[in-house]
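Below, each chain spelled out in residue letters.
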Amino acid sequence: MLPGLLLLFSLTSYAACADLASLNATLAGRLDFARPIAEPCFEDDQTSCLPVQQGYLNPAFRVERYDATMYPSFETCLATGEGCVLNYANVNDSSAWVNRTCHQGSISSTFVEIKTAADNTGHDFIGRSVLKDSLALYLEYNAAFVPEGGNTSYSAITAGAGVEWIEVYEFADAHNVTAIGGYHTTVGATGGWLMGGGHSILSPVYGLGVDRVLQFKIVTPDGVYRTVNEFNDADLFWALRGGGGGTFGVVLEATMLVEPQIKLQVASLSINRTTEGARGFLQISIDNGVKWGKEGWGGHIFGDNLLSVNPLLTLDEAKASMKEAADYTLSQNGTVIIEEVPSWYAFFQKYVPSVQAIVGIHIVLGTRLIPTSLFSNETAKAQLLDTFVDMLPFSTADPQLVAVPPILYNHTEGATSVTPAWRDALWHNATQPMRDLTPDSGAYLNEAFIYEPDFETTFWGDNYPRLLSIKEKYDPDGLLDCWHCVGWKGAEDERYGCYPEFS
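The shown structure was predicted, so the numbers you read here are calculated from the model rather than taken from an experiment.

What counts, and where the lines are drawn
- Residues numbered from 1 in each chain as written.
- Predicted model: local features only at pLDDT ≥ 70, side-chain atom pairs only at ≥ 80, totals over all residues.
- Heavy atoms only, no water.
- Helix = DSSP H or I, 4+ residues; strand = E, 2+ residues; numbered from the N terminus.
- Buried < 20%, exposed > 50% of the residue type's maximum accessible area, 1.4 Å probe, protein only.
- Contact = heavy atoms within 4.5 Å.
- Core = buried A, V, L, I, M, F, W, Y, C linked by side-chain atoms within 4.5 Å.
- Arc of directions from axis to C-beta.
- Axes fitted to C-alpha atoms, helices over the stretch in contact; angles between N-to-C directions.
- Left-handed = near helix turned anticlockwise from the far one by under 90°.
- Nonpolar A, V, L, I, M, F, W, Y, C, P; charged D, E, K, R; others polar.
- Disulfide = S-S within 2.5 Å.
- pLDDT = per-residue confidence, 0-100.
- Phe/Tyr/Trp six-rings, centres within 6.5 Å; stacked < 30°, edge-to-face > 60°.
- Parallel < 35°, antiparallel > 145°, perpendicular 65-115°, else oblique.
- Polar contact = N/O pair within 3.5 Å; in protein donor to acceptor, adjacent residues only side chain to side chain.
- Pairing = 2+ DSSP bridges.

## Focus on the overall build of the protein
- Along the protein, the regular secondary structure elements total 19 helices and 17 strands.
- Residue burial in the protein is summarised as follows: out of 503 residues, 59% are buried.
- The contacts in the protein between residues at least 6 apart in sequence include a share of 75% that link residues at least 24 apart.

Listed below in structure tokens is the structure:
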């Protein structure tokens, strides 16, 4: 779950001064109690356990439930190991639950469901959408969103909280326009993806999510319902455009720019995975990376495959652009597909579900923005290649070179609060080796290392002091707090007891 509209409040202190039954009455019966999704298995309730096993690795199953995150690491208390999870490698492995106790872990025990809006959908890699002994405000999609423009010069779509990008894409396609958003069928459109920056494989041409948002409707911690844009509460609008979710208030809807419907050139290349073959594939990708970026390509590159799209080139130009990589792929007895599709939605339906991030597994992620300047230095390029090749034995997924920074987008300097490193980057990739190669760069806060050192500078650069000032203005009592967010109270706060110490 991207850290966004899910608000977490400590029940430890709240329960001391208020009765939950009274709270439930005040909320018209919307107070619900959550238990881990795998609890039926631990209780030997096979009838109820079976659907959990069947849906455990299915994002559509997890996105519909508050008591599940996309990555179960954060359903457990990492510091103690207490949790209630299945063996993701074999969900039928009864040793995961027989003679074991189901613990609440980090799943909030109590949450509030409000039908007019929703939290996000489970894609946080730092565990900020769950918190031990907490009350969560869980918001659901309120039925529909209506396209509207910030003014007559804009073509825009307004999405309510809880709307997923796949819904936006379908809606946009039906109206012959293109929305720029996330790369997974269950990513939410208006929460942490957007407020944390929001990258797309169309971002090299059309910008980050924060570049495209025109207006938010938000309830700030003081209880004020605000319409926020460049004319109203402009400081808060700036903060929401990159300052991260779960920090400044509850966003109820966002209005975002759309493009006309566009044809895309798609390049899908794949080779058999060997160290030698991958080294050659990665070498070509590094050598062509800047050229591909300037031509408008965006996508994902692994050691044995590439999937990229381009909204600027013709089919013949796309084939010429990818010729070196395609020839190498065929020399390795690989497969090459370079084709034109009629729209973003057509591409998404055909390609994304089979390649999107796997859920239900335990994972700790980390990324680093790799500056374009590095690719003009042959020594640095050689180090980059060696670093990527060194990763190959440890994972079938890494190295993953994500070509999403807005290399061609003509942004307005200082209009957003994301780290300025986004504007100078070509790719983003795994953490520590890239940190050593790019010490002055930054990271995408939604896919960051859980113990990112100097996170304030890494996530926001010189923007952090201003963000902190805005946070203190709209949330002076620090009601909203989450791990490595603006104004974070620190690991010593008891609510973060499930985060293990790390050095």
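## Focus: the nonpolar core
- Counting residues in each nonpolar core, the largest one holds 75 residues, and the members touching the most others are Trp165, Phe216, Trp344 and Phe347.
- Per-element tally for this core: the top contributor is helix α14 (residues 344-355), with six residues.
- Not counting residues within four places of it along the chain, the set of residues in contact with phenylalanine 216 comprises Leu194, Met195, Arg226, Thr227, Val228, Phe237, Leu240, Arg241, Val251, Glu253 and Ala254.
- Grouped together as the second largest cluster of nonpolar side chains are 34 residues, Ile286, Ala318, Leu374 and Leu426 included.

## Details of helix α19 (residues 464-474)
- All of the buried residues along α19 are Tyr464, Leu467, Ile470, Lys471 and Tyr474. Summarising the axial view, the buried residues of α19 lie within an arc of 120 degrees, below the 170-degree limit, and thus occupy one face. In α19, the exposed positions angled more than 90 degrees off the buried face are occupied by Pro465 and Lys473.
- Against the buried residues of α19 lie β8 (225-228), α10 (234-240) and α18 (455-460).

## Thoughts on the packing of helix α11 (residues 275-295) against helix α15 (residues 378-391)
- Where α11 contacts α15, the axes come no closer than 10 Å and their chain directions differ by 145 degrees. The handedness of the crossing between α11 and α15 is right-handed. In contact with Thr275, Arg279, Leu282, Gln283, Ile286 and Asp287 of α11, α15 contributes Lys381, Leu384, Leu385, Asp386, Phe388 and Val389.
- Residue composition of the contact of α11 with α15, by class: six nonpolar, two polar and four charged.

## Topic: the state of the cysteines
- All chains considered together, the criterion is met by four disulfides.
- Between the sulfur atoms of cysteine 84 and its disulfide mate cysteine 102 the distance is 2.1 Å. Judged by the sign of its S-S torsion, about -110 degrees, the cystine formed by cysteine 84 and cysteine 102 is left-handed. Here cysteine 84 is found in the loop between α5 (59-63) and β3 (110-114), whereas its partner cysteine 102 is found in the loop between α5 and β3, with 18 residues between them in sequence.
- Overall, cysteine 102 belongs to the buried group, its relative accessible area being 15%.
- Between the sulfur atoms of cysteine 482 and its disulfide mate cysteine 485 the distance is 1.9 Å. Classification of the bridge connecting cysteine 482 and cysteine 485 rests on its S-S torsion, roughly -105 degrees, and on that basis the disulfide is left-handed. No difference in accessibility class separates cysteine 482 from cysteine 485, as the two residues are buried.
- The connectivity of the disulfide-linked cysteines in the protein, indexed sequentially, is 1-2, 3-8, 4-5, 6-7.

## Here's the deal with the confidence of the model for the protein
- Chain-level pLDDT for the protein is 86 on average; 87% of the residues reach the 70-or-more range.
- The model gives residues 1-17 a pLDDT under 50, and that stretch makes 77 contacts with residues more than four places away or in other chains.
- Scored below 50 in pLDDT, residues 115-122 shows 44 contacts in the model against residues more than four places distant or in partner chains.

## Some details on the packing of aromatic side chains
- What the rule picks out here adds up to 24 aromatic pairs.
- Centroid distance tryptophan 344 to phenylalanine 348: 5.9 Å. Interplanar angle 55 degrees. Geometry classified as tilted. In this pair, tryptophan 344 and phenylalanine 348 are both assigned in helix α14, four residues apart and thus about one turn of the helix distant.
- Residue tryptophan 344 is classed as buried on the basis of its relative accessible area, which comes to 3%.
- Given a relative accessible area of 1%, phenylalanine 348 falls into the buried group.
- Seen in terms of ring centroids, phenylalanine 455 and tryptophan 460 are 6.4 Å apart; in terms of plane orientation they differ by 75 degrees. Their pairing is edge-to-face. Accessibility classification places phenylalanine 455 together with tryptophan 460 in one group, the buried group.

## Remarks on the packing of α11 against helix α13 (residues 323-331)
- Two numbers describe how α11 lies on α13: the axes approach to 10 Å, and their chain directions differ by 170 degrees. Taken together, the axes of α11 and α13 are roughly antiparallel relative to one another. Where α11 abuts α13, its residues Glu276, Gly277, Gly280, Phe281, Ile284, Asn288 and Trp292 lie against Glu324, Ala325, Tyr328 and Thr329.
- Here the contact of α11 with α13 is built from residues that sort into five nonpolar, four polar and two charged.

## Concerning the side chain of arginine 62
- Checked against the element boundaries, arginine 62 lands in helix α5.
- Here glutamate 75 takes part through its side chain, which lies 2.8 Å from a polar atom of the side chain of arginine 62.

## Considerations on helix α4 (residues 46-55)
- Within the sequence span of α4, burial applies to Cys49, Val52, Gln53 and Gly55.
- Against the buried residues of α4 lie α3 (39-42) and α5.

## Describing the sheet that holds strand β5 (residues 156-160)
- Strand order in the open sheet made by the four strands is β5-β9-β7-β8, with antiparallel pairing throughout. At either end of the open sheet lies a strand with only one pairing partner, and these are β5 and β8. Across this sheet, the average inter-strand angle for adjacent strands is 15 degrees, counted without regard to direction.
- Bridge count between strand β7 (residues 213-219) and β8: four bridges; the pairing is antiparallel. Paired with phenylalanine 216 across the strands is valine 228, a residue of β8.

## Quick word on unusual backbone geometry
- A positive phi angle is found at asparagine 99, which is not glycine, with a value near 60 degrees.
- The topology assignment puts asparagine 99 in the loop between α5 and β3.
- The phi dihedral of aspartate 454 is positive, around 50 degrees, even though this residue is not glycine.
- Relative to the assigned elements, aspartate 454 resides in the loop between α17 (432-437) and α18.
- For aspartate 454, a relative accessible area of 47% corresponds to the partly exposed category.

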